[in-house]
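# Summary of the model geometry
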Amino acid sequence: IYQQSFRSVMAKAEASWLLQPAMATAEVEEGKMKHFNGGMEKLDVERSRFPYCIVWTPIPVLTWLFPIIGHMGICTSSGVIRDFAGPYFVSEDDMAFGKPVKYWKLDPGKVYSNVPNAWDAAVHDASEEYRHRMHNLCCDNCHSHVAMALNLMRYDNSTSWNMVKLCFLLLIYGKFISIGAVVKTWLPFVLFVGVILTISLAVHLH
């Protein structure tokens, strides 16, 4: 069923036609804003604009216990976030669980699809597909939505993107937007572990 659905979305993607995005080749940090040479797009943390990026934010309680698990979205060429926020709903420019704390900048030059404006077409088509899907935390979730977009655009000449691969690659290549973002992600886990260790030590000494 999934293969038939994927083929259907791929067929729709081939027919998509949006405006051709500007290509980005480098980023230069200027305070809270970064510019991508070769185009008009800018990474603007204050406005939550992350062109050609995968973004991530913590999920209360779940991320406190497992810091590598959180909510993921993918951005258009203009930086607008699209994320599978719940059953039959893909949010636009209003990320579930709050603004991103981490981003992974991808290279639009690694998109191998022949569809015009392949990046935005893939993000759009994956979002339209997930508007008709039930959210499943373990099997078909926000990571799966991002994976479908990357598969549709054949990012890095691959159609084998999945939620597990994205989870670990974001852990490796993702960048926190600030020190505060690091604290927001890891402090609850550190406190939780500290409490457990303190209780265990107290029981042992008693």
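## What about the pairing of strand E5 (residues 70-75)?
Within E5, 6 of the 6 residues are buried, which leaves the element mostly enclosed by the surrounding structure. Across 5 bridges, strand E4 (residues 53-58) lies against E5 in antiparallel orientation. By the bridge assignment for E5, Thr-57 is matched with His-71. Looking at chain direction, E5 and strand E6 (residues 81-86) are connected through 2 bridges and run antiparallel. Considered in E6, the bridge of Ile-74 is made with Arg-82. Here E5 folds back onto E6, and the loop between the two strands holds 5 residues, one of which, Gly-79, carries a positive phi near 100 degrees.

## Concerning the layout of surface pockets
Its boundaries defined by the atoms lining it, the largest pocket holds a volume of some 370 Å³. Breaking the lining of the largest pocket down by element, the ones donating at least two residues are E5, helix H4 (142-153) and helix H5 (163-173).

## Let's talk about the environment of Leu-171
Looking at the secondary structure, you find Leu-171 in helix H5. Considering only alpha carbons, one finds Leu-171 and Trp-104, 67 residues apart in sequence, at a separation of 9.3 Å. Those residues in contact with Leu-171 that sit more than four places away from it in its chain are Ile-68 and Lys-102.

Calculation notes
- Residues numbered from 1 in each chain as written.
- Predicted model: local features only at pLDDT ≥ 70, side-chain atom pairs only at ≥ 80, totals over all residues.
- Heavy atoms only, no water.
- Buried < 20%, exposed > 50% of the residue type's maximum accessible area, 1.4 Å probe, protein only.
- Helix = DSSP H or I, 4+ residues; strand = E, 2+ residues; numbered from the N terminus.
- Pairing = 2+ DSSP bridges.
- 1 Å grid on protein atoms, 1.4 Å probe; cavity = no way out; pocket = protein on both sides within 12 Å on 5 of 7 lines; lining within 4 Å.
- Points joined across faces, edges and corners; volume = space filled by probe spheres on them.
- Contact = heavy atoms within 4.5 Å.

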